Amino acid sequence: MPAPIRLRELIRTIRTARTQAEEREMIQKECAAIRSSFREEDNTYRCRNVAKLLYMHMLGYPAHFGQLECLKLIASQKFTDKRIGYLGAMLLLDERQDVHLLMTNCIKNDLNHSTQYVQGLALCTLGCMGSSEMCRDLAGEVEKLLKTSNSYLRKKAALCAVHVIRKVPELMEMFLPATKNLLSEKNHGVLHTSVVLLTEMCERSPDMLSHFRKNEKLVPQLVRILKNLIMSGYSPEHDVSGISDPFLQVRILRLLRILGKGDDDSSEAMNDILAQVATNTETSKNVGNAILYETVLTIMDIKSESGLRVLAINILGRFLLNNDKNIRYVALTSLLKTVQTDHNAVQRHRSTIVDCLKDLDVSIKRRAMELSFALVNGNNIRGMMKELLYFLDSCDPDFKADCASGIFLAAEKYAPSKRWHIDTIMRVLTTAGSYVRDDSVPNLIQLITNSVEMHAYTVQRLYKALLDDISQQPLVQVASWCIGEYGDLLVSGQCEEEEPIQVSEDEVLDVLEGLLVSNLSTPVTRGYSLTAIMKLSTRFSSLNRIKKVVSIYGSSIDVELQQRAVEYNALFKKYDHMRPALLERMPIMEKTATNGPSETVQTNGETDSTILDTKHLPSISQPASQANDLLDLLGGNDVVPIIQTTVPTKPASAGGELLDLLGDLSLTGGPTPTPASSVPMSQPPFLLDGLTSQPLFNDIAAVIPPMTAYNKNGLIIEFTFERSNPNPNIAVITIHATNSTEADMTEFVFQAAVPKTFQLQLLSPSSNVVPAFNQGSVTQVIRVLNPQKQQLRMRIKLTYTHKGSPVQDLAEVNNFPPQSWQ
Amino acid sequence: MQFMLLFSRQGKLRLQKWYVPLSDKEKKKITRELVQTVLARKPKMCSFLEWRDLKIVYKRYASLYFCCAIEDQDNELITLEIIHRYVELLDKYFGSVCELDIIFNFEKAYFILDEFLLGGEAQETSKKNVLKAIEQADLLQENFSSQSPHNCLSTP
């Protein structure tokens, strides 16, 4: 058999292939030749064949049949063979392969080879892809080499040790003695890799970290080395654009960061050198900036004095003005990290940051956007919002959703006036309407409802927006809801804030009907507009037209629409006397928690809180209910509050029947809320009183009843709940501790523990004295993450001092209302 | 560093060094996606991008893209310097390196990389020392005929 062709020859040949098919053919032919050559156990050409195989592997072709051959090459005595063999091992044999472990013995032998380059090959391979078993077996060898005086091997052994520690953390201890005098080396390679090793050890183990801080006095050593690097003259070997060994400088700075974090003494010891590096480093090239960047990160993380921190932020500010995009990017990233802690200092650079919104680079724009939102406050809201809205107009679609949400949040927090707020929302809806998140629709509706004086203005603006464009669903949904609610204000032309428009009832109905038939409307939008049309039946006089529309949709293919239409039809036919009551104006919605009864009525006997979870407030959608079941209709969210306002005014006829219906509802109500709800549910009048005294219509977040978690020796602890809006798996519990005895409870500490599937976060308490005679309470917020929606249980421990003696108690809390964890 | 990829402007892979254990299939998938993402970047954009949970640092040298995936706590700017140092090493070794050198001598490109980085970290910060080590190792290769690397010593 002729000698297999050489590697370069093969590469040249394959590159002449003009099509993929041609290349595949050549490869297959060569693979066949290689395979038969392997079968012949030919030692001379094995190396050549494996090299060719590696080339073909890089092109994407399978090369697994060469794995064993790599092992044979590694075991060979020839250096060339070993070189290719180890390369093949690193490329073809990762730890998932069965043959992987067979390498262990070869590597062990080579680690003790007489030639350092062979030892180097072995260390390199082990350090790149050694599995945990291999690392366990060979850690001893690596440790030995870590102590050798040969710097070529020592530096490799250090990085190999890093890999071993990553794979088998328990072995970290074993390398500790060898690290003793690593930093006294002169060789930069060894220094660099030693710093990497020390960094790995300190990051992984707090014990190691404190050991290195205190016993080894690592910080002064590192400071000394860094100082030498900066002060020493030009060293051609390690110079990069006038800076001496920037790689080492950066690694030292990173290790200093870890050592200084949270430790006053260490931080103080490094203050000077950090200031020196920050002020003396040449900034004209990327190298210098790389070092400054690392320095800034270190300054911000350790307990540095304020002057140093300001210096760091100013460096970042200068970075922002740099022509180099990369530097600007890095600056924005760092500022984002520090904006919480050094808010004022970052504010100074606000205008530069806002300018970055106009940058061409996507990553820079995103960072600038996030940072801008972090910097918005009551003072700069108007200016910032202008910039952000402009950004929203012109940014990429990927940004629009985040930007819109951010704007809503900022507007909610810092809106200088209601009109401004509504204008801002309108602007967002009209420019980025289709990117707005789904949950913004109910939030916006709530906002609009609560700005009572702006109703006319809002509905007018929304109406005008609808006339322009009906493609943006969130806008359309909010608009149709508002028109449904405030249509009367619209046609009566009552707007004060701006020029009132003249619009007739028919025109309004035209628009709403247009939404129903338009291809652009989603089923949800259609639902909104049908409901809006229905509501207008009590506000407009064109009843016939509305009745016609409603009856047409009674046979709609869309089940949702059909159900609604049929129910509304029923409202016209059988329950017309209730219609005005049901379709009355919505009351103001609050986001506060309510007590039991109101909630029972809303749950309408369903055990889970899915009804409450329907965030579309006006929608009466209840998939499980039957079309004609009015009870279900009443169980719907938007109907119940209306009953509340009606009852006082129409007690006799409608009210009476409503009362009965509600009475029914309450009796069929499902899981009763926990002991804390003190209102009995079988008394309809009382039920209604409960309704009138408290706004029924609540944000989903609020409908979990509070409960008493603990009641002993005069100490009562109540839990009230809120569901965290962005993350429905987090329940926010506020504890209220009151003391009915005649002496204060001091040094009050509340602790809680939850089962393993939960996560608990306890925020700081309002105080640790619970005053006597119920004169006040201690509140504390607990956040519970419950991703698996399991039943919430908690064990609490209370410690306090009462009348001079310490009291301790443990209790289990098992009576959480189901809504708090479902 | 988790991995380094070298690829041409047409998306052909010229070198791949993985410092994390992944299956062949996963490596192929990552390579494909990342190459697509990087090639889609416009020339004026910055050298960093976020991809999955990694930071990607890339730089184009002539017709080759050098692309590294680093972790959150790694310094992007110094990674650019690492890439540059590797290019300088290749340049010194091959004498004005071009893509063809790396195509035809890919195993040497790997050897040089393995003398410069180990386990994803730099093992030697002196250019001189890296090149010296490579030179010495080359001398050890059997059937060694001449000094110049272009003569494909002990041709596999």
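Residues numbered from 1 in each chain as written. Chains lettered and ligands numbered in written order. Predicted model: local features only at pLDDT ≥ 70, side-chain atom pairs only at ≥ 80, totals over all residues. Heavy atoms only, no water.

Looking at an unreviewed UniProt entry, one finds chain B named AP complex subunit sigma and attributed to Cyprinus carpio carpio. The record held by UniProt for chain B lists under Sequence similarities (unreviewed entry) the comment "Belongs to the adaptor complexes small subunit family." Per its UniProt entry, chain B bears the Subunit (unreviewed entry) comment "Adaptor protein complex 1 (AP-1) is a heterotetramer composed of two large adaptins (gamma-type subunit AP1G1 and beta-type subunit AP1B1), a medium adaptin (mu-type subunit AP1M1 or AP1M2) and a small adaptin (sigma-type subunit AP1S1 or AP1S2 or AP1S3). Binds to MUC1." (UniProt positions renumbered as here; feature names shortened; annotations may be inferred.)

In the nomenclature of an unreviewed UniProt entry, chain A is known as AP-1 complex subunit gamma of Cyprinus carpio carpio. The Sequence similarities (unreviewed entry) field of the UniProt record for chain A holds the comment "Belongs to the adaptor complexes large subunit family."

This brings us to the overall build of chain A. Scanning chain A for helices and strands turns up 38 helices and ten strands. Within chain A, buried positions represent 57% of all 822 residues. Partitioning the contacts of chain A with sequence separation of at least 6, the portion at a separation of at least 24 is 69%. Within the structure as shown, chain A displays about 34,400 Å² of accessible surface, and the carbon and sulfur contribution to it stands at 50%. (Helix = DSSP H or I, 4+ residues; strand = E, 2+ residues; numbered from the N terminus. Buried < 20%, exposed > 50% of the residue type's maximum accessible area, 1.4 Å probe, protein only. Contact = heavy atoms within 4.5 Å. Areas by Shrake-Rupley, 256 points an atom, 1.4 Å probe, with all protein chains shown as cover.)

The next thing to look at is the packing of aromatic side chains. Taken as a whole and judged by the stated rule, the model has 17 aromatic pairs over all chains. Residues A:F719 and A:F750 carry aromatic rings whose centres are separated by 6.5 Å and whose planes lie at 80° to one another, so their mutual orientation is edge-to-face. On the criterion of sequence distance, the pair formed by A:F719 in strand β4 (residues 715-723) and A:F750 in strand β6 (residues 745-753) is long-range, its members being 31 residues apart. Among the aromatic side chains, those forming a connected cluster through ring pairs are A:F719, A:F721, A:F750 and A:F816. Its end group placed over the ring of A:F65, A:R35 keeps NZ or CZ at 4.1 Å from the ring centre. The ring of B:F111 has A:R83 lying over it, and the distance from NZ or CZ to the ring centre is 4.1 Å. (Phe/Tyr/Trp six-rings, centres within 6.5 Å; stacked < 30°, edge-to-face > 60°. Lys NZ or Arg CZ within 6 Å of the ring centre and 35° of its normal.)

All right, on to the environment of A:E507 then. All names here are of chain A. Tracing the backbone through its elements, the reader meets E507 in helix α27 (residues 505-517). With a relative accessible area of 38%, E507 lands in the partly exposed category. Separated by 16 residues in sequence, E507 and V491 place their C-alpha atoms 9.4 Å apart.

With respect to the element layout, A:R367 can be found in helix α20 (residues 362-375). What makes A:R367 buried here is its relative accessible area of 10%. Leaving out residues up to four positions away in the same chain, A:R367 has contacts with A:Y329, A:L332, A:T333 and B:E50.

Residue and element names in this part refer to chain A. Spatial ordering of the open sheet is given by β6-β9-β10, a layout of three strands whose pairing is antiparallel. The outermost strands of the open sheet, each flanked by one partner alone, are β6 and β10 (805-813). For this sheet, the mean inter-axis angle between neighbouring strands, taken without regard to orientation, is 15°. When strand β9 (residues 794-802) meets β10, the two strands line up antiparallel, connected through nine bridges. The partner of Y800 across the bridge, within β10, is V807. (Pairing = 2+ DSSP bridges. Axes fitted to C-alpha atoms, helices over the stretch in contact; angles between N-to-C directions.)

Residues and elements named next belong to chain B. With respect to the helices, strands and loops of the structure, K55 is situated in strand β4 (residues 54-61). With relative accessibility at 12%, the residue K55 sits in the buried group. Within the structure, the side chain of K55 is placed 3.2 Å from the backbone oxygen of D74, a separation counted as a polar contact. Every residue in contact with K55, bar those within four places of it in the chain, is listed here: L49, C68, A69, I70, E71, D72, D74 and E76. (Polar contact = N/O pair within 3.5 Å; in protein donor to acceptor, adjacent residues only side chain to side chain.)

On to the interface of chain B and chain A. The partner chain A presents 71 residues to the 66 residues of chain B that form the contact. Counting every contact that joins chain B to chain A gives nine salt bridges. Where B:E121 meets A:R251, a salt bridge forms, and the shortest distance between an N and an O atom there is 2.6 Å. If you list the elements that add at least two residues to the side of chain B that touches chain A, you get β2 (13-18), α1 (24-39), β3 (48-51), α2 (76-94), α3 (99-104), α4 (106-116), β7 (121-122) and α5 (127-140) of chain B. Residue contributions to the side of chain B that touches chain A peak at nine residues, all from α5(B). (Salt bridge = Lys/Arg side-chain N within 4 Å of Asp/Glu carboxyl O.)

Residues and elements named next belong to chain A. Negative charge collects at one region of the surface, where D264, D265, E268, D272 and E305 lie side by side. Structurally, E268 can be placed in helix α14 (residues 264-280). Looking at E268, the relative accessible area reads 59%, which means it is exposed. (Patch = residues over 30% accessible without salt bridge, like charges linked within 9 Å, V, L, I, M, F, W, Y side chains within 5 Å. Lys, Arg positive; Asp, Glu negative; His and termini not counted. Charge placed at Lys NZ, Arg CZ, Asp CG, Glu CD.)

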